[in-house]
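Structure assessment
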Amino acid sequence: MASPGSGFWSFGADEGSAAAETPGTALLYGDAEKPVETGARAAAPGVAEPKPTCTCDKKPCGCQKADVNYAFLHSTDLLPTCNGEITTMSFLQDVVDILLQYVVKSFDRSTKVIDFHYPNELLQEYNWELADQPQTLEEILLNCRTTLKYAIKTGGAISNMYAMLIARFKMFPEVKEKGMAAIPRLVAFTSEHSHFSVKKGAAALGIGTDSVILIRCDERGKMIPSDLERRIVEAKQKGFVPFLVSATAGTTVYGAFDPLIAIADICKKYKIWMHVDGAWGGGLLMSRKHKWKLNGVERANSVTWNPHKMMGVPLQCSALLVREEGLMQSCNQMHASYLFQQDKHYDLSYDTGDKALQCGRHVDVFKLWLMWRAKGTTGFEAQIDKCLELAEYLYNKIKNREGYEMVFDGKVRSNSVRQKAGTLVTKPVVVPVPLFLRECRDKDNEAAPQHTNVCFWYIPPSLRGMEDSEERTSRLMKVAPVIKARMMEYGTTMVSYQPLGDKVNFFRMVISNPAATHQDIDFLIDEIERLGQDL
């Protein structure tokens, strides 16, 4: 096997074996020029003659795209192979054409929202095996056309772990060298509706999921500050060291915004790092109409913000904002002189590679920067305002519509109406609304969506006359999964569902696509009723 410094690596054959010389063996070429072997391939029976090479002096080539036959070409016929410019330009243009066709089709309302196939069907329908010999460029283009529509989009949750890592370092810098054994038992606090990445970060950092204390939420999913302070005091009495409070601005299910001002006061009182997970709700800071929901975020020590969510930046684009300059660098840097030399000829403040846990990374911020330049802050504001307006439109359409029941009814209660058995509790006790909530009543209707999350049950005709009972609850629990499965099979729309606490499966409609319209919302309502009327 050639060393990393040589011109190429061979794959699929042992070093020195005869198979290594077999035509078609996969080769990756570096700075060295590709050995002359394409002529032998071109002379093979049935293989078309190669197209003439470009003779223009423009780099990159500006010639009209060539008519290239990819059936007998491989990746080794692309740049940096000698005379591979025309083939490379033509191939990349064809790839771009496939992507453009996909984008245009994805916005065509006459097409399916999802072309759902069960995993076992996909395994049987296509050949997913990886072979020793390379496929032709024609086959690669076919793979692009075939698989693009089945792509699964995922996001990242590492920013919250970074916040936990930095908060621990701030309180106990020695943990970087000596590890967890050298410091006291740490505990973190977050709401019971927070993202799972908080616990995942604690597990990855050796803090342990048992050291993440979940704080109770009110009926709307907002952290209760009095319970936070009570649990902090309890932890300190047990000899634990509170080091982080992770508040949430836009919870995953309810879209709730924790009361950041009250939480900031508690963190200041007990000298605890305040982190705000604004992955979902942070984009509302772009909106003059809705940014008040994040009042208090300016007092946080760190903030997670995911522009690839509400702002529509392509995946992945996630940011962690840290108040104290230089702290992230001190926490993570390893002074690897073979990479991060201190005597470089430019300003080392731009050399940020040693700040992060990862070494090689994409420049994810470029996507955000370019989109921000194109849209401007006002463009993002209009996009976000439209999505929240559509959520309010959906809420107003179904809140009093037969067959729908909202997860929230606007009444602040001391205990939940729905128990696991589905029966009603004794007469609910109405809690007096605090002054600061009364002052915000005009802004924050207790039943209206806080974000674009609209949570509701669809009640089929067969359940509408039934009293609350264990049987009704058991049947209602199955409604959303069946309708969701039918949505996927018909490919008409997609809405998430989930249970939460003592509430059985309910729909959670989240609107983040500014291309959506009122007509789309109307269609969604009609489609849910069509798919669920026989349940």
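A quick note: this is a predicted structure, and the numbers were derived from the prediction, not measured. Here, residues in each chain are numbered from 1, in the same order as that chain's written sequence. Restriction of local features to residues with pLDDT of at least 70 applies here, the model being predicted, together with a cutoff of 80 or more for giving and counting side-chain atom pairs; totals for whole chains, interfaces and linings are based on all residues. The side-chain quantities take in all heavy atoms of the structure and omit both hydrogens and water.

**Remarks on the overall build of the chain**
When you go through the chain residue by residue, the secondary structure sums to 15 helices and twelve strands. Only protein chains enter the accessibility calculation, which uses a 1.4 Å probe; a residue is then buried when its area is under 20% of its type maximum, exposed when over 50%, and partly exposed in between. Looking at the chain as a whole, 40% of its 535 residues are labelled buried. Residue contacts are defined here by distance: any two heavy atoms, one from each residue, within 4.5 Å place the two residues in contact. Pairs at least 24 residues apart make up 69% of the contacts formed inside the chain by residues separated by at least 6 positions. Methods summary: accessible areas were calculated by the Shrake-Rupley approach with a probe of 1.4 Å, and residue burial reflects only the protein chains presented. When the accessible area of the chain is evaluated, it comes to approximately 30,300 Å², of which 56% is carbon and sulfur surface. Secondary structure is summarised from DSSP: a helix means a run of H or I of at least four residues, a strand means a run of E of at least two, and numbering begins at the N terminus for each.

**A closer look at helix 9 (residues 260–270)**
Taken together, the buried positions of helix 9 are occupied by L260, I263, A264, I266 and C267. Taken end-on, helix 9 shows its buried residues confined to a sector of 160°, consistent with a single buried face. Facing away from the buried side of helix 9 by over 90 degrees, the exposed positions are K268 and K269. Buried residues along helix 9 sit against helix 8 (225–237), strand 5 (241–248) and strand 6 (273–278). In the stretch just after helix 9, K271 is the one whose phi turns positive, near 55°. Here the arc refers to the set of directions running from the helix axis out to each C-beta atom.

**What about the nonpolar core?**
One broad trend across soluble globular proteins is that nonpolar side chains are buried collectively. Only buried Ala, Val, Leu, Ile, Met, Phe, Trp, Tyr and Cys residues count toward a nonpolar core, and they belong to the same one when joined by side-chain atoms within 4.5 Å. Counting 76 residues, the largest nonpolar core has F189, L228, F456, F507 and I528 as its most contacted members. Counting residues per element, this core draws most heavily on helix 11 (residues 365–398), which supplies eleven residues. Ignoring sequence-local partners within four residues, the contact set of F456 consists of I398, Y404, E405, M406, V407, F506, F507, M509 and I528. Counting 27 residues, the second-largest nonpolar core is a separate cluster that includes Y162, A202, L244 and M328.

**A few points about the pattern of salt bridges**
Counted as salt bridges are all cases of a side-chain nitrogen of Lys or Arg within 4 Å of a carboxyl oxygen of Asp or Glu. Counted under the stated rule, the structure contains 19 salt bridges. As a salt-bridge pair, R401 and E529 come within 2.7 Å of each other at their nearest N and O atoms. Of the two residues, R401 sits in the loop between helix 11 and strand 9 (404–406) while E529 sits in helix 15 (residues 518–532), which places them 128 residues apart along the sequence.

**Describing the sheet that holds strand 9**
Strands qualify as paired when DSSP identifies two bridges or more between them. Taken in spatial order, the four strands of this open sheet run 9-10-12-11, and their pairing is antiparallel. Across the chains shown, the open sheet's two edge strands, defined by having one partner strand only, are strand 9 and strand 11 (496–500). When strand polarity is set aside, the average angle formed by the axes of neighbouring strands in this sheet is 45°. By the bridge criterion, four bridges tie strand 10 (residues 453–458) to strand 12 (residues 503–510) in an arrangement that is antiparallel. Within strand 12, the residue paired with N453 across the bridge is V510. Here, axes are lines fitted to C-alpha atoms. For helices the fit covers the stretch in contact, and angles between N-to-C directions go from 0 to 180 degrees.

Note that every value here comes from positions in space, so none of it alone points to a role or purpose.
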